[in-house]
Amino acid sequence: EWDSFCATEANEDFPTECNCGGDPPPNDLCADAIAVAVPSLTAGTTIDATLDPYECETSTTSGGVWYSVIGTGNLMTATTCENQSPPGSADYDTKISVFCQGCDVATCVGGNDDESGCSFHSTVEFCSQAGVEYLIMVHGFSSATGNFELSVSDEGSGCNPTVFCAPPDPTGACCYPDTTCDIQSEADCTDAGGVWQRVDVSCYRPGSAASVVSTPG
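Now for a look at the structure at hand.

Procedures and definitions
Residues numbered from 1 in each chain as written. Predicted model: local features only at pLDDT ≥ 70, side-chain atom pairs only at ≥ 80, totals over all residues. Heavy atoms only, no water. Helix = DSSP H or I, 4+ residues; strand = E, 2+ residues; numbered from the N terminus. Buried < 20%, exposed > 50% of the residue type's maximum accessible area, 1.4 Å probe, protein only. Contact = heavy atoms within 4.5 Å. Areas by Shrake-Rupley, 256 points an atom, 1.4 Å probe, with all protein chains shown as cover. Core = buried A, V, L, I, M, F, W, Y, C linked by side-chain atoms within 4.5 Å. Disulfide = S-S within 2.5 Å. Pairing = 2+ DSSP bridges.

Quick word on the overall build of the protein
Move 1: When its secondary structure is counted, the protein shows 3 helices and 15 strands.
Move 2: For the protein, the residues scored as buried account for 39% of the 217 residues in total.
Move 3: In the protein, once contacts between residues fewer than 6 apart in sequence are set aside, the share between residues at least 24 apart is 65%.
Move 4: Surface exposure of the protein reaches about 11200 Å², of which carbon and sulfur atoms provide 52%.

If you want it as structure tokens, here you go:
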């Protein structure tokens, strides 16, 4: 299929000056990332995709396409590997890179070229923050392009992020009905049945009874 430039050139009898590739995929650019759910299996292609100016733990040498997903707060997986559960697939040598903080900042979260045992296909596991948007670029080794199915899933296990895409929730003293106290975020304190005491409050335990005290300053 010819793009509009190629068609114009052909009509003007200059076919030798035209590289008649197809139009790039609709999610060729980071800004046009297609939103996917968790879990999801999404068919895509990098054929005719353009080269992106982003790298994350593996080089970017062929055109890529983009997807976005909202973090669950658990360990998440993006894969084109048939041996993962749930599996993805691809008919070429893929790479996957994951970013956050938008296309302008594009903070590297994780990247992979060849996952062990996956026949030149790729898997990235990353510790997500709940509510944060992650950008997934599917690209290829060397100049490879082709078709794929991208699987995105939640592993169901909690984790501690090593890359903070959003500031961690503020913490403070959390008082429980049994008079114990520890430091929690407001959401975690509420979930645990405690009463949160603000960011500037810390725990103080004289003897066996739990108390709270405001932090000076």
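Re the nonpolar core
Move 1: Judged by nonpolar contacts, the single largest core of 23 residues is most densely connected at Y134, I136 and L150.
Move 2: Listed by contribution, the elements that provide at least two residues to this core are β3 (65–70), β4 (74–79), β6 (94–100), β8 (123–127), β9 (133–140) and β10 (147–158).
Move 3: Membership of the second largest hydrophobic core comes to 8 residues, among which are C30, W66, F99 and M137.

Observations regarding the state of the cysteines
Move 1: Inspection of the entire model under this criterion finds 7 disulfides.
Move 2: Covalently, C56 is tied to C108 through a disulfide, its sulfur atoms 1.9 Å apart. Classification of the bridge connecting C56 and C108 rests on its S-S torsion, roughly 70°, and on that basis the disulfide is right-handed. Of this pair, C56 sits in the loop between β2 (40–45) and β3 while C108 sits in strand β7 (residues 107–112), and the two are 52 residues apart along the sequence.

Remarks on the sheet that holds strand β13 (residues 195–196)
Move 1: If you trace the 3 strands from one edge of the open sheet to the other, you get β12-β11-β13, paired in antiparallel fashion. Where the open sheet ends on each side, the last strands, each with one partner, are β12 (181–185) and β13.

Examining unusual backbone geometry
Move 1: A cis amide bond, omega -5°, links V38 with the succeeding residue P39.
Move 2: Following the sequence through the fold, P39 ends up in the loop between β1 (34–35) and β2.
Move 3: Residues S85 and P86 are joined by a peptide bond in cis, for which omega reads 0°.
Move 4: Here P86 is to be found in the loop between β4 and β5 (89–90).
Move 5: Phi angles above zero are rare outside glycine, and A106 is one such case at about 50°.
Move 6: Mapped onto the elements of the fold, A106 is located in the loop between α2 (102–105) and β7.

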